[in-house]
Each structure stands twice: as C-alpha cells, then as structure tokens.
Amino acid sequence: MISTSKHGSRPPGTERLDPAAVRTGEPFTVLYGPGVGDVFVDSAAQVCVMEQALWRMLRSAGFERIVFSTLHHPVYFLDRASWDLSRRPVRRREGPAGRRGPRLMEHASLQGPLGGTQLLGSAPPSRAEPAADEGATPRAAPASGIADSFAVMTLAAHLRGSGHRTAVVFPHADEFLLLNEAPRQLAGAMAEWAADAVAGNQWILVFRRASLNSVAEFLRGLGRYPQLESFVNERRDEPTRGGTFRVGLPQAAELERLVHSVRLRSGLRVAWQDLDRVVRGMAGQPETARVWHGRLEQLSAAEEPLGRHSVRPWLGAAPSDERTPWDRLAAMPGMEALVRRFEDMRAEMEAAEELGVRGLAAEAEPPARHLVFTGNPGTGKTTVARLVGEIYRDLGVLSRGHCREAKVNDLVAGYVGQTAGRTDAVVDQALDGVLFIDEAYTLSDQREGFGSDAIQALLKRMEDDRGRLVVIVAGYPDKMREFLDANPGLRSRFPLTNIVEFRDYDPGLLNTILLRRLAEHGLRPSDETAQALGRIVEGMHRSRDETFGNAREMRTLADAIRTRWAVRVGRQVEQPVTVDDIPQEYQDHLHGQAPDLTVRRPNSTGMWASRGPSGHRNDSSTG
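Residues numbered from 1 in each chain as written. Predicted model: local features only at pLDDT ≥ 70, side-chain atom pairs only at ≥ 80, totals over all residues. Heavy atoms only, no water.

(A) The overall build of the protein, seen in detail. Counting its regular elements, the protein contains 24 helices and 17 strands. Considering the protein as a whole, with its 623 residues, one finds that 51% of them fall into the buried category. Restricting to contacts in the protein with at least 6 residues of sequence separation, those with at least 24 account for 71%. (Helix = DSSP H or I, 4+ residues; strand = E, 2+ residues; numbered from the N terminus. Buried < 20%, exposed > 50% of the residue type's maximum accessible area, 1.4 Å probe, protein only. Contact = heavy atoms within 4.5 Å.)

(B) Molecular detail of the nonpolar core. Ranked by size, the top nonpolar core spans 36 residues in total, and within it Leu177, Trp203, Leu205, Phe207 and Leu228 carry the most contacts. Listing elements by their share of this core, those giving two or more residues are strand 1 (28-32), helix 3 (148-160), strand 7 (166-170), helix 4 (173-179), helix 5 (183-195), strand 8 (202-206), helix 6 (212-222) and helix 7 (226-237). When residues of this core are assigned to their parent elements, the largest contribution, six residues, is made by helix 6. Excluding anything up to four places from it in sequence, Leu177 contacts Leu186, Met190, Leu205, Phe207, Leu219, Leu222, Arg224, Tyr225 and Leu228. (Core = buried A, V, L, I, M, F, W, Y, C linked by side-chain atoms within 4.5 Å.)

(C) Representation of the packing of helix 6 against helix 7. At a closest axis distance of 9 Å, the pairing of helix 6 and helix 7 adopts a crossing angle of 155°. On the basis of their axis angle, the class for helix 6 and helix 7 is roughly antiparallel. Along this stretch, helix 6 crosses helix 7, giving a crossing that reads as left-handed. In this structure, helix 6 uses Leu212, Asn213, Val215, Ala216, Glu217, Leu219 and Arg220 to contact helix 7, whose residues at the interface are Leu228, Glu229, Val232, Asn233, Arg235 and Arg236. (Axes fitted to C-alpha atoms, helices over the stretch in contact; angles between N-to-C directions. Parallel < 35°, antiparallel > 145°, perpendicular 65-115°, else oblique. Left-handed = near helix turned anticlockwise from the far one by under 90°.)

(D) Highlighting helix 6. If you check which residues of helix 6 are buried, you get Leu212, Asn213, Val215, Ala216, Phe218, Leu219 and Leu222. Of the surrounding elements, those touching the buried residues of helix 6 are strand 1, helix 4, helix 7, strand 9 (244-246) and helix 16 (419-430). Immediately beyond the C-terminal end of helix 6, within one or two residues, lies Gly223, with a positive phi of roughly 65°.

(E) A look at the sheet that holds strand 8. Within the open sheet, the five strands sit side by side as 4-7-8-1-9. Their pairing is parallel. Each edge of the open sheet carries a strand with a single partner, namely strand 4 (65-68) and strand 9. Each strand of the sheet is rotated relative to its neighbour by a mean of 20°, with strand direction disregarded. By the bridge criterion, four bridges tie strand 7 to strand 8 in an arrangement that is parallel. (Pairing = 2+ DSSP bridges.)

(F) Expanded view of the packing of aromatic side chains. Enumeration over the complete set of coordinates arrives at 11 aromatic pairs. Both rings, one in Trp292 and one in Trp314, keep their centres 6.4 Å apart while their planes meet at 80°; by these two values the pair is edge-to-face. Of the two residues, Trp292 is situated in helix 10 (residues 289-301) and Trp314 in helix 11 (residues 312-315); the sequence distance between them amounts to 22 residues. Exposure remark for Trp292: the relative accessible area of 1% places this residue in the buried category. Classification of Trp314 by relative accessible area gives buried; the value is 19%. These aromatic residues form a ring-pair network of at least three members: Phe28, Phe170, Phe176, Trp203 and Phe231. (Phe/Tyr/Trp six-rings, centres within 6.5 Å; stacked < 30°, edge-to-face > 60°.)

(G) Representation of the pairing of strand 12 (residues 433-437) in the model. With respect to burial, strand 12 is a largely interior element, five of its five residues being buried. Here strand 11 (residues 403-406) pairs with strand 12 via four bridges, running parallel. Across the sheet, Glu405 pairs through a bridge with Phe436, a residue of strand 12.

(H) Region of interest: the confidence of the model for the protein. Residue-level pLDDT values for the protein average 82, and 81% of them are 70 or greater. In this model residues 1-8 is a low-confidence stretch, pLDDT under 50, and it forms 16 contacts with partners more than four residues away in sequence or in other chains. Taken together, the stretch residues 597-623 has pLDDT below 50 and engages in 87 contacts with residues farther than four places along the chain or on a different chain. (pLDDT = per-residue confidence, 0-100.)

(I) Highlighting the pattern of salt bridges. Enumeration according to the criterion identifies 31 salt bridges in this entry. The closest approach of N and O atoms between Arg308 and Asp274, which form a salt bridge, is 2.9 Å. You can see Arg308 sitting in the loop between helix 10 and helix 11 and its partner Asp274 sitting in the loop between helix 8 (252-266) and helix 9 (275-283), a full 34 residues away along the chain. According to the relative accessible area criterion, Asp274 is buried, its value standing at 7%. Among the salt bridges present, the one from Lys407 reaches Asp438, with a minimum N-O distance of 3.3 Å. A residue pair is termed long-range when its members are at least 10 positions apart, and Lys407 in the loop between strand 11 and helix 15 (408-411) and Asp438 in the loop between strand 12 and helix 17 (442-445) qualify at 31 residues. The class of Lys407 is partly exposed, set by a relative accessible area of 37%. One network of salt bridges, with partners in common, ties together Glu26, Glu234, Arg235 and Arg241. (Salt bridge = Lys/Arg side-chain N within 4 Å of Asp/Glu carboxyl O.)

Structure follows, in structure tokens:
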C-alpha cells in the first residue's frame with residue numbers, strides 16, 4: 001500500500017464522496033448528480049475541486065494508482081506515487097556512445113506513434129497528494145503528443161495490471177465520450193474490460209448529469225458505447241446492484257466547515273449566536289458549495305458578519321421568523337391533530353433509537369412518512385408542507401428538509417417515453433426533502449395523457465429512494481380518494497393513517513385573517529365598516545362551495561378594499577376604511593343576497609374558474 005500522506009494516514013475526505021461507492025466489485029463506477037462539478041470542503045476544512053476530492057476518496061478506498069484522462073490531457077496524475085507506478089525506470093535502451101535512451105512503456109505490448117517510448121510528460125511535484133488550495137486546476141502531468149487511440153491503449157493497459165490496485169478516471173465523461181477521436185477503440189476496451197476485468201481495478205466515469213436517467217438518455221443518444229449503455233440501464237432499473245453513485249449537494253456539516261474555512265482564510269466575521277440557524281437554513285437550500293463559497297467571500301469582502309439578517313436575501317423569509325417550525329405549525333388554526341402526530345413520531349423515534357442502543361430491537365424498515373393533504377383551497381396545505389420538511393429534518397427523517405413544489409405539468413410530458421424522465425428530474429431535486437404535488441388527482445384524471453406513467457415513475461422512486469424522499473400529495477377530498485384508488489401502489493405508500501384533513505375556516509377566523517391583512521396594508525376600518533365586514537364574511541362562509549378559497553378569499557377581499565380606498569383618499573391616508581370602499585359584489589351579502597355563480601371563464605391553467613360566494617374568481621388550486 002502506498003502511503004497517502006507524510007504520516008501514512010488516510011487523506012481528509014467529504015461526506016458527499018463515500019469510499020463505499022467504489023467498493024462494489026463492479027468493473028465500472030458511474031458518478032452523477034447535482035454535486036458533480038461542485039467544490040468540496042473536506043474534514044480538514046480545505047476547499048478542493050472534484051478531481052482532488054475524488055482522488056482522496058479513491059485513496060481512502062484502497063486504490064494505489066489513480067490515472068486521470070480528459071480530452072486535453074489524455075493521461076495524467078495528481079500524485080507522484082501513481083506516476084511512479086506507471087513507468088518502468090529501469091528498462092531503457094542504450095543510445096549512441098553509451099548514452100541511455102528514452103524510458104519504455106510499462107507494458108511491452110503497447111506500441112504507439114514512437115514505438116514503445118513512454119510519453120507521459122514531466123513528473124508531477126514530489127509529494128504524496130495534491131494540494132487542496134492551488135486553485136481550480138490541479139497540477140497534473142499532461143500526456144503531450146498522445147493520440148486518443150494510444151491513450152485508450154495506455155489506460156486499458158494500466159487497468160490490466162494486477163500488481164497495483166488501479167482506478168482510471170474520466171472526470172469529464174460527457175465531453176470525452178462525445179468528442180474523443182477513438183470511440184471504436186474505447187467502446188471495444190470497455191466491452192473487453194466488462195467481460196474480463198481485473199479484480200479490484202475500476203473504470204470511474206463522472207457525468208455532469210443530474211440523474212441516472214439523464215445519463216442513460218445521453219448514452220442512448222450517442223449510440224457508440226453499447227456496453228456502458230447496458231450497464232447504466234441495468235443499474236437504473238435495479239439501483240441496489242451498485243456501480244452508480246449520486247453526488248448530492250452539501251449538507252449542514254460540510255457547510256459549517258465552509259464557513260470556518262472562509263473565516264480563517266478570508267477573515268469572515270460570524271454572528272456566533274446565529275450560526276446554527278444560518279447553517280441549517282443554508283443546508284435547506286438546493287445550492288452548491290461553490291455558490292455558498294462565493295456568497296461567503298462576498299460577505300467577507302463587504303466586512304459584513306454572517307448572521308440571520310445578512311443571509312436573508314439568499315434564504316428568503318424563513319430566517320426572519322424566530323420561531324421553530326413546531327411553533328409555527330402550532331400557531332396555525334386547526335393544526336392541533338397534526339402537531340400531536342409529529343410529537344408522537346418524535347417519541348416513537350426516540351424509543352426506537354434507545355431500543356437499538358440497548359440491542360433490544362433489530363433494524364426494520366421505517367414506517368411510511370408520506371402524507372395526503374385533503375381540503376379546499378386556502379386552508380394552509382402548501383404552508384404546512386414546507387413546515388413538514390423542516391420538522392422531518394429536526395426529527396432526523398430527512399437530511400435537508402427543503403420542499404420542492406410541483407404541479408402535474410412539471411411531471412408529465414407531452415410525448416411518449418418522456419414522462420418518466422421528467423418525473424425523475426423533479427424527484428432528484430426533492431431528494432433529502434419533501435416533494436409536494438398539488439392537485440395530484442389530475443395525474444389519474446388524464447384520459448389521453450401520460451399521468452399513469454408519472455405515477456409509475458413516482459412509485460418506483462418512492463421505493464428506490466426510501467429514507468431520502470417524503471412525498472406529500474394534495475387536493476380536494478373526494479378527488480384524492482379517487483386518486484388513491486387509481487393505483488394499488490398508491491394506497492400502500494399512503495396509508496389511511498397518513499391522510500390529513502384540512503377543514504374550512506370558521507367565520508370568526510376568516511374575519512380575523514381579513515382584519516389582519518388590512519392592518520398589514522396600514523388600513524383602519526371604521527366601527528361601522530368592521531361590523532359590515534363581519535356580516536360579509538359570514539355570508540361568504542354560509543354560501544361557500546367546494547371551490548371556496550378560505551384565507552385566500554380574505555386576502556383577495558382585503559386587497560380589493562385597499563385599491564378602492566387608495567383611489568378615494570389619495571394622500572389623505574389617515575382616513576379610515578368606509579363601507580363605500582368595499583366592492584359592490586361583496587356588499588350583496590349585506591342585503592342577504594349571494595353573488596351570481598353563473599359567470600364562468602377559463603383561467604390561465606386551462607381549468608374553469610367560477611365567481612364564488614365572494615363574487616371573485618375561485619381557481620381550482622388547492623394551495
């Protein structure tokens with residue numbers, strides 16, 4: 001075994017590149033995912049690029065010789081040990097006058113443009129491993145003058161050697177497979193390698209693709225590498241077989257190391273009381289470490305401390321709310337049962353952890369965490385779905401806890417064979433968090449579309465990525481019952497105990513929401529107006545149908561009042577809201593009349609919307 005550092009210890013690594021990924025015994029390892037091409041922060045808080053981080057992972061996995069290949073550098077190394085193991089220093093020809101000739105290739109069977117002469121460029125710096133902070137381009141030994149066909153022969157020969165455990169790495173596999181000038185030789189080498197691989201050696205291919213499905217589509221489009229294409233297709237259909245590895249986005253531990261790296265190297269100031277909250281917020285965003293590195297450097301250059309206020313432009317409104325997700329959920333009306341449910345889940349998980357520590361329980365498949373939200377629009381389903389991600393993260397169910405909101409059009413394509421890929425892409429964005437599908441019942445409602453394809457793809461990913469994905473589907477109660485009955489797999493993944501009902505708000509709560517919205521606008525209703533608004537809200541609630549928008553209707557009414565009030569008062573903003581500022585269609589409720597429900601027109605999504613009890617349009621959204 002070659003020593004990997006001055007002290008013989010393993011090099012520092014990162015959670016996102018697990019050495020277990022290349023300990024599968026497969027001839028190939030295909031890496032993909034949103035983290036490919038990112039920077040990594042290792043356990044020593046050093047920022048390194050993908051090639052350096054991958055080199056360290058392979059060293060930790062026991063590889064003694066690591067050879068890299070790109071279009072511009074067909075054969076190169078990042079460390080002196082790999083270089084030394086790839087040449088034969090004692091085998092030289094005797095030149096004229098007793099002068100020693102050029103080095104010969106390690107494998108005598110290799111014959112290139114200059115016969116057996118070795119063209120591997122100058123040796124890399126004499127050190128055990130590449131430095132992590134040398135910039136974006138690692139030092140390497142480019143193979144000047146080597147043609148693609150000869151490079152393929154060289155790489156294959158290195159893999160064939162059984163004396164040293166070897167990895168051949170294509171860090172830009174998309175580019176290399178598409179543009180190299182020896183595709184037939186490369187395809188042949190891959191086929192031969194798959195049929196008769198040397199145990200322990202591997203071909204590592206890194207694709208800048210978000211999903212394994214997109215890797216498969218890319219290879220199918222090339223049509224040049226049938227062996228590799230078959231390998232990827234088989235692993236896509238059976239992900240537990242090994243040979244593929246998804247490189248994800250950074251999580252909290254790595255991002256905290258990044259904060260300290262920028263603090264130590266660039267002088268970033270940190271508001272320590274905010275650090276835990278800020279790091280959790282950073283980890284909840286689907287951003288690369290490269291993006292966060294740039295943002296932290298920006299704060300450092302501006303001499304602005306890292307805290308909940310400075311990161312607000314990047315995290316949205318969440319950090320401005322000092323309450324925990326549990327407190328925010330408890331403050332929402334009608335959520336008492338759901339709060340109890342999550343508290344019971346926390347107790348259950350704590351008990352399971354203690355049983356495991358004491359050896360009193362065997363590992364078992366965790367219960368289903370997917371949820372069904374049923375209810376009319378405006379009852380808080382979308383808001384609660386976002387909170388569920390944060391709560392599941394606090395419970396340890398999810399590592400990131402972000403919420404990817406999706407409509408049916410995000411999942412379903414318009415052509416045969418494209419829906420599964422589109423659904424996979426959305427699921428990939430939701431991994432380690434929540435996928436929230438609004439109006440999910442329209443997947444099963446489609447008569448001539450491909451909604452069933454999306455359901456099948458979703459069910460497969462819910463099985464393949466259990467532990468990394470929570471799916472929440474939402475819609476009208478009757479429609480969601482039909483949706484769950486449309487496919488037996490749906491009922492098994494969404495048990496009856498996981499159905500959460502969101503009831504319509506009562507008139508008192510609706511009136512509170514309306515008055516709060518007016519106050520947020522800076523408006524003050526007169527006593528007479530406040531009484532009139534209470535009667536209007538009661539009338540709207542009494543005449544509501546299944547499209548009633550609850551809180552959304554109150555926001556719509558408040559905004560309409562604000563517009564009429566502003567037109568009336570101009571700059572005399574101290575004037576209160578009067579009854580005349582209430583739109584006429586709402587005032588019908590003051591006379592015991594309900595607005596006309598017959599006015600119907602299609603909305604922007606192509607679905608029909610009606611003028612509901614408020615006299616305003618009610619969309620079919622269930623948010």
